[in-house]
Amino acid sequence: MSTIVSLPDQSTATLPKRSYLNAEHGLLSWLLTGDHKRIAMLYLVSITFFFFLGGFFAGMIRLELLTPVGDLMAADTYNKMFTMHGIVMVFLFLVPSVPATLGNFLIPIMIGAKDLAFPKINLLSWYLYMIGGTFVLASLVLGGVDTGWTFTTPLSTHYLNTHVITTATAIFIAGFSSIFTGLNFIVTIHRMRAPGMTWFRLPLFVWSNYAASIMMVLGTPVLAIAITLVALERTIGIGVFDPAKGGDPLLFQHLFWFYSHPAVYIMILPGFGVISEVISTFSRKRVFGYTAVAFSSVAIALFGFFVWAHHMFIMGVSNYSALVFSLLTMLVAVPSAIKIFNWSFTLQKGSITFETPMLYAFGFIGLFTIGGLTGVFLGSLGMDIHLTETYFIVAHFHFVMVGGMLMAFLSGVHFWWPKMTGRMYPESISKLAAVTTFIGFILTFFPQFVVGYLGMPRRYHAYPAEFQVLNVLSTAGATVLGVGYLLPLLYLGWSLKYGAIAGNNPWQATGLEWQIQSPPLTENFLETPVVEWEAYDYEWLAKKQQAELSHV
Amino acid sequence: MSYISPVLWQFLTKWLTYFAIWPQEASTVAPMADALYLFLWGMTVVGMILVGALVFVFSVRYRAQKHPEAVQIEGSTLLEATWTIIPLGIFLFVFVWGAWLYFRIYNPPANAMQIYIVGKQWMWKAEHPGGQHEINALHVPTGRPVQLTMISQDVFHSYSIPAFRVKREVIPGRFTTVWFNATTPGTYHLFCTQYCGTLHSGMIGEVTVLSPDDYQRWTEQSTSGMSLAQNGERLFNSLGCNSCHNGTAAARGPVLAGVYGSKIQMDDGTTQIATDGWLRDTILNPSQHVPAGYKPIMPTYQGQVSEEGLIDLVEYIKNLKSNYRNQQTLVTTQSNNAAPTTPDMVKP
């Protein structure tokens, strides 16, 4: 495996004297910053904290399920564990991860802007995220909450005495963080592109974040409404979900999934963007069918809003509405299939190298393909009846969101780490981490497909003994997976001080972000760039480098 | 595959079940669901192999050592169209197959035997029309369609019998139904699959499938002596329903005989169909269901009747073919005593 030939000044290189990291000093300069890159770093640190917190709960869940009897913890404790796992991972990790960290850092640079359109609102978004996170921690410290992350009424409104309102507040507030981020991205991408950066010269990472932002802005308010109604039902008993008062408990399901199904795409679309960038860079080719990939993101964003009721096929919706939602679900699967093939064919006739981000991207393709195709099982009406609410569904969405989204996130973090910090991570151990993660993941979640088809329901604290073998396998896999996630934390931390100096463009990539220094200046560009090349134009890059070399 | 080669199918499922990676098939729809499941895994494996092979072959052939200069390719409309249309075709095929199965699983045959289920934190209560009650258990005969009419007394639950490949959400405030036709005697898991609070994982039970003879014996042994309809009749009288719905010319409420399943002309000009759920809702929210020609004077019975009591009342009204007994009860019994038994109603 070769490494890409670097420009000659690498050996003696030092970090640039002036960068966004050392522009100002002191904690306050970070907490009051308006710089999108610093805010991205604030997010990266806080999101990492919540990821490992959520991971701790996942570990406890797997440990409990090692034996069929509920012997490690009481049923209530277990219920709180999976609730916390879901809430922390979905609302505090998966939804914000790529947009708030990588998106925040990169979108302005990629389009040639100095910052986002509203830097102060961007900082406010981080504070809202942190306040939301604090409320989650508060509900945890006060004794936890056991609604499940889906807050199903009337369980959440009438039958639980845990800290539902505190947690609902947390999600309400964190939701606004997401709305503001989305709004900021949309305005920035529309208004602040550099001269020559036309819509069809945008990197696909920008396209996919744009599509996800539209969903955040349109979908999240509905979640806020649903969660507010839960709080009102609990406190003053307005009765919109209470059949005894003429309300409808299914209404909550409609409202909740109207956000939470698109939320899956909010999570995965930015990941698609990362994969497009990484695959293109390490095969040194433009993305196959750029327009199709860009439009399939937009198609997903549109269709994603019309499939929410596929979470309710067994809930007594009319057979005919089930039919419509099943059909729409099948249609939304198509754009994802298109992307998988586009990525595969991007490799064709490329010049491929296998650095860590690429390994994660390959892992993404494998796991997301399984995740996507098992989604077709669940979109198929008659099959959904048997599979839904079992471990099959748990396996499916972990394949999509953990196997897909998290692999993409790790791929992106490794890919842009040199740009963000100016230093390289150690290559061989990071490859080991990528492989460990992949194997651990398959071992953890594949047995869950099987145990799900056998009928093991999700959210069970104790289970019939015949399911044990598969659960033991799953727990063993989770241990491997845990190691795979801890490794990057250690070596990326190490690289902050000891990593090799990266240089401006260690991957020889074409994006605007690679044409500026690493780490960038606070103002990103000394003068507004003029974009004269298409996205992923490696011939332009070669010419540019030749010109630079001859200049030297 | 169960259609192409039943023998091969049996061999396959037996083998898979033996290695504990396949649930038992114990209903008529189970082999149908399994066939679709196998097809879907076939699709997934082919998809995986295809994508895996593409990535692997390209990675080997076009690795940088071997292929240092990338060839820039714009895209290809033909290829794009191919991989849009082929997956779309497969997914639409899966959609049609799944929809066919869904209608098969959720549309009960007209002759199905009725059993009522009430879900509550954290138990399943089954009530057979003949008055047999069971908790966290269900006895059903083979070879006969059984329809479950289900309601929850508190939160969402979900009634799942993996060996039958059926499941349906049990919802507060409305009846949902599911049906199956059991094929193999034995005991099977019954799970609650919708998270319902502390003892969610304890809300499990056993479905016992019996041969028709054994089932007959079981019904005779475990009857409480009062059918649901008889319980309903007693409630009907003790709640005073019979003072208005008595079928006389001067009655303040409509005649209920033969009302089940009929179209009713309402006060506001609409027509409504008297289903199980509708009857239940009329008892709880009478002001929303005023028949043409009657005054909205019926009080609500919200909070006065349990879900089981509502099931008894509905079952009583469903079986009310003529109004004769109702009048007789009004005349002969003025107390809350049990009404005389009606042998023709005890049939399970």
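Residues numbered from 1 in each chain as written. Chains lettered and ligands numbered in written order. Predicted model: local features only at pLDDT ≥ 70, side-chain atom pairs only at ≥ 80, totals over all residues. Heavy atoms only, no water.

### What about the overall build of chain A?
Alright, step 1. Along its length, chain A carries 17 helices and zero strands.
Alright, step 2. Its C-alpha atoms give chain A principal-axis dimensions of about 80 × 45 × 45 Å.
Alright, step 3. Within chain A, the proportion of its 552 residues that are buried is 66%.
Alright, step 4. Across chain A, the fraction of contacts at a sequence separation of at least 24, relative to all contacts at a separation of at least 6, is 83%.
Alright, step 5. Roughly 17,900 Å² of accessible area belongs to chain A as shown, and the carbon and sulfur atoms make up 71% of that amount.
Alright, step 6. Where the 26 positive side-chain charges of chain A centre and where its 25 negative ones centre are 7 Å apart. (Helix = DSSP H or I, 4+ residues; strand = E, 2+ residues; numbered from the N terminus. Buried < 20%, exposed > 50% of the residue type's maximum accessible area, 1.4 Å probe, protein only. Contact = heavy atoms within 4.5 Å. Areas by Shrake-Rupley, 256 points an atom, 1.4 Å probe, with all protein chains shown as cover. Lys, Arg positive; Asp, Glu negative; His and termini not counted. Charge placed at Lys NZ, Arg CZ, Asp CG, Glu CD.)

### Digging into the packing of aromatic side chains
Alright, step 1. A complete count under the given rule lists 79 aromatic pairs over all chains for this structure.
Alright, step 2. Ring geometry for B:Trp124 against B:Tyr159: centres 4.8 Å apart, planes inclined by 80°, an arrangement best described as edge-to-face. With a gap of 35 residues between them, B:Trp124 in strand S2 (residues 123–127) and B:Tyr159 in strand S6 (residues 157–161) connect regions that are remote in the sequence.
Alright, step 3. Cluster of aromatic residues (ring-pair linked, three or more members): A:Phe377, A:Phe392, A:Phe399, A:Phe441, A:Phe445, A:Phe446, A:Phe449, A:Tyr453, B:Trp22, B:Tyr37 and B:Trp41. (Phe/Tyr/Trp six-rings, centres within 6.5 Å; stacked < 30°, edge-to-face > 60°.)

### Observations concerning the packing of helix H5 (residues 228–238) of chain B against helix H7 (residues 307–318) of chain B
Residue and element names in this part refer to chain B.
Alright, step 1. Where H5 contacts H7, the two axes come as close as 7 Å, and the packing angle between them is 100°. By the angle between their directions, the pair H5 and H7 is classed as roughly perpendicular. The segment H5 lies against H7, with Leu 228, Ala 229, Asn 231, Gly 232, Glu 233, Leu 235 and Phe 236 engaging Gly 309, Ile 311, Asp 312, Leu 313, Glu 315 and Tyr 316.
Alright, step 2. Residues belonging to the contact of H5 with H7 are distributed by class as follows: seven nonpolar, three polar and three charged. (Axes fitted to C-alpha atoms, helices over the stretch in contact; angles between N-to-C directions. Parallel < 35°, antiparallel > 145°, perpendicular 65-115°, else oblique. Nonpolar A, V, L, I, M, F, W, Y, C, P; charged D, E, K, R; others polar.)

### Concerning the pattern of salt bridges
Alright, step 1. Summed over the entire model, instances satisfying the criterion amount to 12 salt bridges over all chains.
Alright, step 2. Between B:Arg174 and A:Asp248 there is a salt bridge, with the nearest N and O atoms lying 3.1 Å from each other. Of this pair, B:Arg174 sits in the loop between strand S7 (166–170) and strand S8 (176–181) while A:Asp248 sits in the loop between helix H8 (204–236) and helix H9 (249–283), placing the two residues on different chains.
Alright, step 3. Since its relative accessible area comes to 29%, B:Arg174 is described here as partly exposed.
Alright, step 4. Overlapping salt bridges, with partners in common, bring together B:Lys120, B:Lys125 and B:Glu308 in one network. (Salt bridge = Lys/Arg side-chain N within 4 Å of Asp/Glu carboxyl O.)

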